[in-house]
Amino acid sequence: MTPAEAAEPKVEPEAEPKDAPSGTFLRDATSTEAICARILERHRDRVSVRKPHLATANLARIIEAVLKLSSRQSFHEISLRDLARVSGLSMGGLYSYFDNKTTLLVMILTEVSETVEAVLRDAPAGLEADPAAHLRWLIETHIRLTEAMQPWFVFAFMEAKGFPAAARAFATESELATERIFADVLARGVAQGVFTIPDIDLTAALIKPLLQDWYVKRAKYRKRGTPIHAYIAGVIAFVERAIAGR
């Protein structure tokens, strides 16, 4: 499938259970402007534009251009002239935010990784005491987060094979970090007798593709008319049947 097929228009948002991140929270935390404000804060030493509102707005234009162009061609093939044309910034303007494409790539990957970890580690108070409920929350939260940031996740997934070595290693570590969050919950469930899992790390690794499928193969689920709440429920039921305690 092509990146363009993966980036099908979003299904209308569904109502979230009370413990799931609210649509308002995700919209506020994952809007392009909010993400670019965090990128600016994280990479302030690289950006020469001093006015935060201007720097954030221009970063948003640059990254939106990257995500748009990468739906048609690989990031490796995108030139700075392409970015300048689509973002509406001059070549000199681009260099005010990054020194080369690798730096821009790292900015994007870092923010995707940090956002995932921050959101998944921010479980509601008391949830950690109930591994089954915590696991359901992690599955739903991850899928809804990728719904809110679909172009970012599709970009990171589809472009991974063409990343420079350092960026590829970073992307791999980011995926492992997510698996560790799930593995910690699975381990607590095993300790409490809630789950029966022969290999915790392998089980966490097997859950990850189920979470990715929602944003990578969006066209398939759109054609089937599968809404996000049905997909979430299906993944939770599948995982729970596989690890149910005996």
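Residues numbered from 1 in each chain as written. Predicted model: local features only at pLDDT ≥ 70, side-chain atom pairs only at ≥ 80, totals over all residues. Heavy atoms only, no water.

*Asks:* Would you mind going over the packing of helix H8 (residues 131-148) against helix H11 (residues 200-216) in detail, with residue names and values included?
*Replies:* In the contact formed by H8 and H11, the axes pass within 9 Å of each other and the chain directions differ by 30°. Compared by their axis directions, H8 and H11 come out roughly parallel. Seen along the crossing, H8 lies across H11 with a hand that is right-handed. Contact residues: H8 offers Ile139, His142, Ile143, Thr146 and Glu147, while H11 offers Lys208, Leu211, Trp214 and Tyr215. (Axes fitted to C-alpha atoms, helices over the stretch in contact; angles between N-to-C directions. Helix = DSSP H or I, 4+ residues; strand = E, 2+ residues; numbered from the N terminus. Parallel < 35°, antiparallel > 145°, perpendicular 65-115°, else oblique. Left-handed = near helix turned anticlockwise from the far one by under 90°. Contact = heavy atoms within 4.5 Å.)

*Asks:* Quick rundown of the pattern of salt bridges? Include the residues and the values.
*Replies:* Evaluation of the coordinates by the stated rule reveals 10 salt bridges. In this structure, the salt-bridge partner of Arg121 is Glu117, at a minimum N-O distance of 3.1 Å. Glu117 gets classed as partly exposed once you look at its relative accessible area, which sits at 29%. Between Asp213 and Lys220 there is a salt bridge, with the nearest N and O atoms lying 3.4 Å from each other. Residue Lys220 is classed as partly exposed on the basis of its relative accessible area, which comes to 30%. (Salt bridge = Lys/Arg side-chain N within 4 Å of Asp/Glu carboxyl O. Buried < 20%, exposed > 50% of the residue type's maximum accessible area, 1.4 Å probe, protein only.)

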